[in-house]
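Report on the structure
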Amino acid sequence: MESRLRLLELKCRRPVEHLLVGEYRSVFRGQGVEFEDVRPYQPGDDVRMMDWKVTARTATPHIKRHIEEREHFIYLLVDVSASMLEGAGGRKRETMAELGSLITMSAIGNGDRVGLVLFSDQIELLIPPGKGRQHGLRIMEALVDFRPESRKTAFGEVFASFGHLATKRSVAFVISDFFAGDYLDELSSLALRHDLNAVNLLETDGLEGVDSGLVRLADAESGESRYVDLGRRKAEDERHHETIQEQMLERGVSLMELGVGEDCVSALAGFFRSRQRRLADETGG
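Residues numbered from 1 in each chain as written. Predicted model: local features only at pLDDT ≥ 70, side-chain atom pairs only at ≥ 80, totals over all residues. Heavy atoms only, no water.

Comments concerning the overall build of the chain
- Secondary structure summary: the chain contains nine helices and ten strands in total.
- By the burial criterion, 45% of the 285 residues in the chain qualify as buried.
- Of all intrachain contacts in the chain linking residues separated by at least 6 positions in sequence, the fraction that spans at least 24 positions is 74%.
- In the structure as shown, the chain presents an accessible area of about 15,000 Å², 49% of it carried by carbon and sulfur atoms. (Helix = DSSP H or I, 4+ residues; strand = E, 2+ residues; numbered from the N terminus. Buried < 20%, exposed > 50% of the residue type's maximum accessible area, 1.4 Å probe, protein only. Contact = heavy atoms within 4.5 Å. Areas by Shrake-Rupley, 256 points an atom, 1.4 Å probe, with all protein chains shown as cover.)

Notes on the environment of Asp-145
- Assignment of secondary structure puts Asp-145 in helix α5 (residues 133-145).
- Accessibility expressed as a relative area gives 33% for Asp-145, which makes it partly exposed.
- Linking Asp-145 and Leu-5, residues 140 residues apart in sequence, is a C-alpha distance of 9.3 Å.

Observations concerning a nonpolar patch on the surface
- Side chains of Ile-123, Leu-126 and Leu-165 sit close together on the surface and give an oily, nonpolar patch of about 220 Å² of accessible area.
- Among the secondary structure elements, Leu-165 is positioned in helix α6 (residues 156-165).
- Note on Leu-165: relative accessible area 34%, which makes it partly exposed. (Patch = residues over 30% accessible without salt bridge, like charges linked within 9 Å, V, L, I, M, F, W, Y side chains within 5 Å. Salt bridge = Lys/Arg side-chain N within 4 Å of Asp/Glu carboxyl O.)

A word on the pairing of strand β7 (residues 195-202)
- Within β7, seven of the eight residues are buried, which leaves the element mostly enclosed by the surrounding structure.
- Two elements, strand β6 (residues 171-176) and β7, share six bridges in a ladder whose sense is parallel. Bridge pairing in β7 links Ile-175 to Val-199.
- What joins β6 to β7 is helix α7 (residues 184-193), and the crossover it makes is right-handed. (Pairing = 2+ DSSP bridges. Right-handed = clockwise from strand over helix to strand, strands pointing away.)

A closer look at the packing of helix α1 (residues 2-27) against α5
- Relative to each other, α1 and α5 sit at 115°, their axes nearing to 10 Å. Between α1 and α5, the angle falls in the class roughly perpendicular. Crossing handedness for the pair α1 and α5: right-handed. Two secondary-structure elements touch here, α1 through Arg-4, Leu-5, Arg-6, Leu-8, Glu-9 and Arg-13 and α5 through Arg-133, Leu-137, Met-140, Glu-141, Val-144 and Asp-145.
- Tallied by class, residues from the contact of α1 with α5 come to five nonpolar, no polar and seven charged. (Axes fitted to C-alpha atoms, helices over the stretch in contact; angles between N-to-C directions. Parallel < 35°, antiparallel > 145°, perpendicular 65-115°, else oblique. Left-handed = near helix turned anticlockwise from the far one by under 90°. Nonpolar A, V, L, I, M, F, W, Y, C, P; charged D, E, K, R; others polar.)

With respect to the sheet that holds strand β3 (residues 73-79)
- Taken in spatial order, the six strands of this open sheet run β5-β4-β3-β6-β7-β10, and their pairing is mixed. At either end of the open sheet lies a strand with only one pairing partner, and these are β5 (123-130) and β10 (254-259). Neighbouring strand axes in the sheet, compared pairwise and without regard to direction, differ in orientation by 15° on average.
- Taken together, the seven bridges between β3 and strand β4 (residues 113-119) define a ladder with parallel strand orientation. Each bridged residue has a counterpart across the sheet, and for Phe-73 the counterpart in β4 is Arg-113.

Considering the pattern of salt bridges
- What the rule picks out here adds up to ten salt bridges.
- In this structure, Arg-13 engages Glu-9 in a salt bridge whose closest nitrogen and oxygen atoms are separated by 3.3 Å. Linking Arg-13 with Glu-9, this pair stays in helix α1, spanning four residues, or about one helical turn.
- Residue Glu-9 is classed as buried on the basis of its relative accessible area of 5%.
- Salt-bridge contacts for Lys-92 lead to Glu-203; the nearest nitrogen and oxygen are separated by 2.8 Å.

A few points about the nonpolar core
- In terms of nonpolar packing, the biggest core is built from 47 residues, with Val-78, Leu-99, Leu-116, Leu-143, Phe-173, Leu-268 and Phe-272 touching the most fellow members.
- In this structure Val-78 touches Met-96, Leu-116, Val-117, Leu-118, Phe-119, Leu-143 and Ile-175, once residues within four positions along its chain are discounted.
- Judged by nonpolar contacts, the second largest core, of 23 residues, contains Phe-119, Phe-162, Ala-172 and Ala-198. (Core = buried A, V, L, I, M, F, W, Y, C linked by side-chain atoms within 4.5 Å.)

The structure is reproduced here in structure tokens:
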């Protein structure tokens, strides 16, 4: 296990240091300001920053001073149901682990705190936000090797629990194939309080080039096996894909779509740039 983790760190380190940290920093700059202290008013100061309580107590005008709130709290909310861990012959998990590691190392390289929530139909593992290389390796190890108790997926309770866990505005990446449909209310609520980013992992069941016919497929979460009309299955997958896009757009959630085995570095850098362009358009910058 240690050698696998070391290889993953080495694979991610160069693109993080040479590309992704800069892209990450351009998107997730300080999201607000926090109070630092007060000082006497000086001509030209913004009167809206006046601290009236201190002014009344001292009989001398004082204003509040603020500093940019630079440290972020980053959470990875990762679906570890059977469809994620066993999908595409285990390659879906490999893609998930690499992407999660790139985000983790980028955030730590920027001095942010990173936490991890692994979930199925329950919270399987919680690693509170922390800093530093050893903390990052702990998260990466869980992404690569953790074995959940449940094989199923349910978002509602997990999202509700995260809402209580993350009391401070945070940046959250939800990594899943979004096959469960019980998350819209909780997702909408979280999107009002946090910067939510959804990563939809896509796979093709290894059936490229086959347009129709009956195939026998096993449901990874229930274990049930049944015959499926491939033409209908592909149409259903396309509708599911379009539905996810619409749902995230309507709720103000940034969506990244990543195919199993795709270049995670290029996909993540492109996602950061897309977010940056959208934020610039919204702010007129």
